[in-house]
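# Geometric and topological summary
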Protein chains: 2
Amino acid sequence: MSTNLNLQAVDAVVARAVLAFDRWKLASAQSRADFLNELAHGLEWSRDPLVDIAMTETSLGKDRLGGELTRTVFQLKHFADKVLAGRLSADVENEVVAGPPPAGHPHLLRTHVPVGVVAVFAASNFPFAFSVLGGDTVSALAVGCPVVVKVHPGHPRLSRAVQAIAQGVMDSRPEWEGLVGLVEGAGFESGVHLVEHPQVAAVSFTGSLAGGRALWKIANAREVPIPFYGELGSINPVVVLPSALEQGGGERAAALAASIAGSSGQFCTSPGVLIGLKGPAMDTFVQSLAAGLSQQATHRMLTEGIERSFAAGVERLGRLTERGVSPVPVLDPSGVPKPGLFVTDAQRFVDSHELREEVFGPSCVVVLADSPAQIAEVLLSVTGSLTVTLWGLHGDDPAHHRILDAALRIGGRILFDGVPTGVAVTESQHHGGPWPSSTNALFTSVGDASSARFLRPVVLQSFPAWARARVR
Amino acid sequence: MSTNLNLQAVDAVVARAVLAFDRWKLASAQSRADFLNELAHGLEWSRDPLVDIAMTETSLGKDRLGGELTRTVFQLKHFADKVLAGRLSADVENEVVAGPPPAGHPHLLRTHVPVGVVAVFAASNFPFAFSVLGGDTVSALAVGCPVVVKVHPGHPRLSRAVQAIAQGVMDSRPEWEGLVGLVEGAGFESGVHLVEHPQVAAVSFTGSLAGGRALWKIANAREVPIPFYGELGSINPVVVLPSALEQGGGERAAALAASIAGSSGQFCTSPGVLIGLKGPAMDTFVQSLAAGLSQQATHRMLTEGIERSFAAGVERLGRLTERGVSPVPVLDPSGVPKPGLFVTDAQRFVDSHELREEVFGPSCVVVLADSPAQIAEVLLSVTGSLTVTLWGLHGDDPAHHRILDAALRIGGRILFDGVPTGVAVTESQHHGGPWPSSTNALFTSVGDASSARFLRPVVLQSFPAWARARVR
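Below: a short report on this structure.

The rules we used
- Residues numbered from 1 in each chain as written.
- Chains lettered and ligands numbered in written order.
- Predicted model: local features only at pLDDT ≥ 70, side-chain atom pairs only at ≥ 80, totals over all residues.
- Heavy atoms only, no water.
- Helix = DSSP H or I, 4+ residues; strand = E, 2+ residues; numbered from the N terminus.
- Rg over C-alpha atoms; globule rule 2.2 N^0.38 Å.
- Buried < 20%, exposed > 50% of the residue type's maximum accessible area, 1.4 Å probe, protein only.
- Contact = heavy atoms within 4.5 Å.
- Areas by Shrake-Rupley, 256 points an atom, 1.4 Å probe, with all protein chains shown as cover.
- Lys, Arg positive; Asp, Glu negative; His and termini not counted.
- Charge placed at Lys NZ, Arg CZ, Asp CG, Glu CD.
- Least-squares fit on C-alpha atoms with pLDDT ≥ 70 in both.
- 1 Å grid on protein atoms, 1.4 Å probe; cavity = no way out; pocket = protein on both sides within 12 Å on 5 of 7 lines; lining within 4 Å.
- Points joined across faces, edges and corners; volume = space filled by probe spheres on them.
- Nonpolar A, V, L, I, M, F, W, Y, C, P; charged D, E, K, R; others polar.
- Buried area = accessible area lost by both parts, 1.4 Å probe.
- Salt bridge = Lys/Arg side-chain N within 4 Å of Asp/Glu carboxyl O.
- Polar contact = N/O pair within 3.5 Å; in protein donor to acceptor, adjacent residues only side chain to side chain.
- Axes fitted to C-alpha atoms, helices over the stretch in contact; angles between N-to-C directions.
- Parallel < 35°, antiparallel > 145°, perpendicular 65-115°, else oblique.
- Left-handed = near helix turned anticlockwise from the far one by under 90°.
- Phe/Tyr/Trp six-rings, centres within 6.5 Å; stacked < 30°, edge-to-face > 60°.
- Lys NZ or Arg CZ within 6 Å of the ring centre and 35° of its normal.

All right, on to the overall build of chain A then. Looking only at helices and strands, one finds 15 helices and 15 strands in chain A. Against the 2.2 N^0.38 benchmark of 23 Å for 472 residues, chain A shows a C-alpha radius of gyration of 24 Å, consistent with a compact globule. Projecting the C-alpha coordinates of chain A onto the three principal axes gives extents of approximately 70 × 60 × 40 Å. Sorting the 472 residues of chain A into buried and exposed places 64% on the buried side. By sequence separation, contacts in chain A at least 24 residues apart represent 76% of the contacts at least 6 residues apart. Looking at chain A as shown, the accessible area adds up to about 16,700 Å², and 56% of this sits on carbon and sulfur atoms. Distance between charge centroids for chain A: 4 Å, based on 37 positive and 44 negative side chains.

Laid out in C-alpha cells, this is it:
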C-alpha cells in the first residue's frame with residue numbers, strides 16, 4: 001500500500017475491480033449483454049450534455065463528437081449482441097481417441113478464461129470511442145474482465161461524466177459493482193503505479209510512441225510481466241498510381257484532404273504520407289490536394305502538448321523536405337493548425353528516419369518515386385502502419401504485386417479504395433499493425449477480435465461435466 | 001555484417017531464409033504439405049541411426065527416443081494435413097453494408113500473412129520433438145515462415161544429422177531452398193545475434209527461465225521489438241483429494257512416480273509439486289509414491305549443466321522443507337540422479353518463493369494443506385504453470401469450484417485424470433501458461449494453434465479479386 005494519496009486511490013480502485021472479477025468472470029452472457037446495453041442506453045440518454053462537455057474540453061466539432069458518440073453506443077450494443085450469440089471466442093473439443101500416443105489422446109476441450117483486471121489508458125483523440133466506455137473497455141467487459149480506466153488529462157470532466165453514467169448502471173445490480181473504475185492523477189505516477197500493480201493482468205493503451213514505449217517497458221519489467229497492447233502511432237501511407245488520376249483525381253484529392261485534416265488531423269489513421277510517381281499528373285494532383293487542404297476547417301488541437309508537438313513536427317518536415325507547399329505560419333495566432341504539405345524525393349524519404357516519424361496533426365509528406373519498385377521500397381522503409389491505402393492498382397500485374405506485397409509487410413489494413421480514416425466495427429476488422437503502430441501486431445483494438453486480447457486459452461482434459469460451467 | 005566468423009555464419013543463414021521467405025509465403029498448400037511430408041519420410045527412413053546418435057548425446061532411453069521420433073513424424077504429417085485442409089487459420093469476410101457508419105461499412109476480408117523468418121531455439125529435453133524439425137519449426141513452416149534453428153549444444157551431432165535430412169529434401173525442389181537453416185556456436189553470442197538480427201521476425205524458445213528471460217529482454221530491446229514465444233519452466237502441481245485415494249491409490253502413486261521420474265524428470269510437464277490434505281490417507285499415498293520413485297530407472301541427465309542445477313535445486317529443497325523422503329546422495333557416483341521427494345507445510349510453501357522455483361529433474365515437493373481452501377491458496381501462489389492436475393474433484397461442490405478456479409488462474413491445461421506428461425498434438429491442445437511457464441500465455445507451442453504465433457492478421461478493404469492470391 002502506497003503512502004501517496006493518489007496511489008492509494010489507484011490501489012482502492014484496483015481492489016474493487018479484483019472483487020468484481022470474481023463475480024464477472026462467471027457472469028451469464030445475459031448479464032454481460034445487459035450491462036453493455038445499459039451503458040449504451042445511458043450514453044444515448046445523456047447525448048447532448050456529454051457532447052457539450054466534450055466540445056469544451058477537446059475543441060472537436062459537434063458533428064464529429066456526435067458521430068463518435070453514436071459509434072461508441074453502436075460498439076457497446078454490437079458487443080452485447082456478440083456476447084449473447086457466443087461469438088467472441090470459439091471452443092475446440094476433441095473426443096477421446098483410443099490407442100497409444102501420438103494418435104491416441106484423452107478428451108480435450110480448448111476454451112478460454114478472462115485474464116483478470118484490465119488497465120485501459122484512454123486516448124486523447126477519441127474522447128468517447130477510446131476512452132472510459134470505448135473500444136478497449138467494452139472488449140474487456142464483454143469477455144469477463146473488469147477495467148480500470150486511466151483518465152486522459154485532455155478530457156477529465158467528460159471522463160467523470162461518463163463514469164457517473166457507468167456508476168449509475170453499476171449501482172442498479174449488485175453483480176455489476178466495481179466493473180469500471182477510474183484513475184486520475186497528473187503526470188505519469190498514477191499510470192505507472194497502475195501498470196505495476198500486481199493485480200492488473202493486462203494493459204491497453206492508445207497514445208504516443210514515447211509514452212507508450214515507456215509504459216510497455218514498465219509492463220515488461222514487472223516480476224510477472226503482463227501483456228501491454230499499445231497503439232503508438234502510424235503514418236498511414238497512401239499510394240496513388242497514375243490510373244487513379246486519369247479521372248476523378250479532383251474528387252480523390254478532396255477526399256484525401258478531408259482525411260488528412262479532418263478533426264485537425266488527429267486520427268490514428270490520418271494519412272501522413274502520399275506516394276506517387278514523378279510527373280505532371282502527380283504534380284497536378286498535389287496542387288489539387290494543396291487546394292483542398294487550404295479549404296479544410298481545422299480547429300484547435302486536443303491539448304497544448306499536442307499543439308507544441310505538431311508545430312515542432314511540421315518545422316522538422318519543412319527542414320528535411322525539398323519544398324513545402326504549406327502556408328506559413330503553421331499555427332495561426334489563435335493556435336489553430338494550418339494543414340502542412342511537404343514534398344520530397346523517394347530516396348531522401350527512405351534515407352531519413354525522421355521523415356518517417358508520425359507528425360500528429362494535419363500534415364502530409366508527398367514522396368515522389370521513379371518507379372513502382374521504388375514505391376515498394378518507400379513502403380518497406382515504413383516498418384509498421386495501421387493502414388496502407390493503394391489507389392489505382394487495378395490490374396493483376398507484377399508491379400502491383402510488388403506494391404501490395406510491400407504493403408502487406410508493413411500494414412494492418414490495406415485499402416484499395418476510399419480513405420483510411422473511419423474504422424468499421426465488424427467481425428472482420430483488424431486495427432493493428434507492425435511496430436510502432438502496435439506493440440503486438442497480432443491483436444486488434446477495434447472489432448470483435450479485440451476481445452481476444454483479454455482471453456487466455458485453457459484446455460480441460462478428461463474433465464467432469466460440472467467443470468464446463470466454471471469457464472465462460 | 002559482423003567481423004566475427006560465427007556471427008557471419010548466422011548472417012548468411014538468415015540471408016538465405018529471407019530469400020526463401022519471398023517464395024514460401026506464396027507457396028501453394030500442396031507444396032507446403034509436400035515439404036512437411038517429405039521431412040517426415042526422411043526422419044522415418046533414418047530412424048535407427050538417428051535414435052542411436054540421440055542416445056549417445058542425451059542419455060535418454062531407446063524407447064523414449066523412438067517414441068519421440070514417432071511423435072515428431074506424426075506432427076509433421078499432422079500439420080501437412082492441416083495445411084491441405086486449410087485449417088491453420090480462418091478468414092472472416094464481411095460484405096458491403098450500405099449506409100453511413102457505424103452500421104454501414106465497406107467490403108472487408110480479415111486474413112493472415114506469415115510474419116517472416118522465425119528463429120527457433122531448440123530444447124535440450126526433446127532432441128526430436130522440440131529441436132531442428134520439431135513443433136516450433138513445423139508450426140512456422142506450415143504457415144509460410146522459414147526457420148533458422150539455434151542448435152542446442154546438448155545434441156549437436158543429432159541436430160546436424162537431422163539437418164542433413166532436411167537439406168536433402170530442400171535440395172529436391174528449388175522452391176524449398178533455404179527453408180530450414182542451422183546456427184551453431186558455443187555460448188550465447190550467436191543466439192543473441194540471431195535474436196537481434198533485423199530480418200528475424202519472431203523467436204520461439206524452450207529452455208530455462210534465466211536464459212529465456214535474457215533473450216526475451218533482448219528481443220524487446222531491439223529498435224523494432226519482435227515477439228518472443230518462450231516456454232521457461234513449469235512446476236505442474238498435482239492436487240490429490242481424499243476421494244482419489246479411497247481406491248486405486250497405489251496405482252495412482254505408481255503413475256505419478258513414473259511421471260515425476262520418467263526420462264529422469266526432464267519433461268516440461270513433469271510434476272514438481274503434489275498437494276494434498278494432511279492425514280493418514282495422504283501419508284500412505286506419500287509412502288507409496290516414495291516407494292514408486294525408488295523403483296524408477298533413472299539415467300544420466302541431458303547435460304552436465306542440468307546435472308549441476310538439479311543437484312543444487314534438490315539441495316535447496318532439502319534445506320527449505322521440513323523433511324526429505326529422498327535417498328542421499330542425490331546424484332549417485334556415476335552421476336545418475338536419484339528421485340528426490342520432500343514434504344512441507346502449505347503455509348511454508350506459500351511463503352517461500354524458492355520452494356516454488358522449478359527443479360528440472362526427478363524431484364517433487366509434497367505440500368500438506370489443512371483444507372481445500374488452503375489448497376487453492378497454494379495453487380495461486382504458483383503464478384503460472386503449463387499444467388495443473390486435479391485428482392478426486394468428482395462432485396459439483398463449492399470446495400471443488402474453489403480449487404478449479406485457482407487452477408484456471410495459473411494453468412494452461414487442467415487435467416482431472418491421468419498425469420501431465422505426454423502432450424497430445426491436436427487441434428484442441430494448449431501448451432502454454434501464465435508467466436513464467438510461458439512469456440505469452442495466449443499462445444501454445446503444441447497443437448494446431450501453435451501456428452498462430454507466426455501469422456499476422458491483415459484486413460483487405462474494397463479489394464480487387466486478384467489481391468486474394470497474394471495472401472495465403
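Here the narrative resumes.
Attention now moves to the relation of the copies chain A and chain B. The transform that puts chain A on chain B rotates by 180° and translates by 0.0 Å along the axis, for an RMSD of 0.0 Å. Given the turn and translation reported, the copies of this chain are related as if by a two-fold rotation axis. Residues of chain A ranked by C-alpha distance from the rotation axis are headed by A:Asn220, positioned 4.3 Å from it. When you check the interface residues of chain A against chain B, 100% turn up at the interface there too, and the contact is symmetric in its surfaces.

Here the focus is the layout of surface pockets. Residue and element names in this part refer to chain B. Counted as a void, the second largest pocket has a volume near 1,500 Å³. Counting only elements with at least two residues in the lining of the second largest pocket, the list comes to strand S6 (200-206), helix H8 (209-221) and helix H12 (304-320). Class assignment of the residues belonging to the lining of the second largest pocket gives a composition of 21 nonpolar, 20 polar and eight charged.

To continue, consider the interface of chain A and chain B. Every contact between the two is made by 76 residues of chain A and, on the other side, 76 residues of chain B. Buried area between chain A and chain B, both sides added, is near 6,100 Å², and the carbon and sulfur share of it is 61%. In terms of surface lost to chain B, no three residues of chain A exceed A:Leu442, A:Arg456 and A:Trp466, which account for 13% of the buried area on that side. Connecting chain A to chain B are two salt bridges. Taking the shortest distance from any N to any O, the salt bridge between A:Arg470 and B:Asp405 comes out at 2.7 Å. Linking chain A with chain B are 40 residue pairs in polar contact (both at pLDDT 80 or more). Counting residues per element, the ones that place at least two in the side of chain A that touches chain B are helix H4 (62-85), strand S1 (92-94), strand S2 (108-114), helix H8 (209-221), helix H15 (398-410), strand S14 (411-415) and strand S15 (455-461) of chain A. Partitioning the side of chain A that touches chain B into residue classes produces 40 nonpolar, 21 polar and 15 charged.

Our next topic: the side chain of A:Arg316. Here A:Arg316 lies in helix H12 (residues 304-320). Sequence-distant contacts of A:Arg316, defined by excluding residues within four places in its chain, comprise A:Glu354, A:Glu357, A:Glu358 and A:Val359.

Glancing now at the packing of helix H2 (residues 29-45) of chain B against helix H6 (residues 156-171) of chain B. All names here are of chain B. Relative to each other, H2 and H6 sit at 135°, their axes nearing to 9 Å. Taken together, the axes of H2 and H6 lie oblique to each other. Judged by the sense of rotation from one axis to the other, the crossing of H2 with H6 is right-handed. When H2 is examined against H6, the residues Phe35, Glu38, Leu39, Gly42 and Leu43 are found in contact with a partner set consisting of Val162, Ile165, Ala166, Val169 and Met170. Taken together, the residues that form the contact of H2 with H6 break down as eight nonpolar, one polar and one charged.

Moving on, we get to the packing of aromatic side chains. Tallied over the entire structure, the rule returns 21 aromatic pairs over all chains. Between the aromatic rings of A:Trp24 and A:Phe35, the centroid separation amounts to 5.6 Å while the plane-to-plane angle is 70°, which identifies the pairing as edge-to-face. Here A:Trp24, found in helix H1 (residues 5-24), pairs with A:Phe35, found in helix H2 (residues 29-45); they are 11 residues apart in sequence, far enough to count as distant. Just as A:Trp24 is buried, A:Phe35 falls in that class too. One aromatic cluster is present, formed by A:Tyr229, A:Phe443, A:Phe454, B:Tyr229, B:Phe443 and B:Phe454 through successive ring pairs. Above the ring of B:Phe126, the side-chain terminus of B:Arg64 is found at 4.9 Å from the ring centroid.

Coordinates in, geometry out; function isn't part of it.
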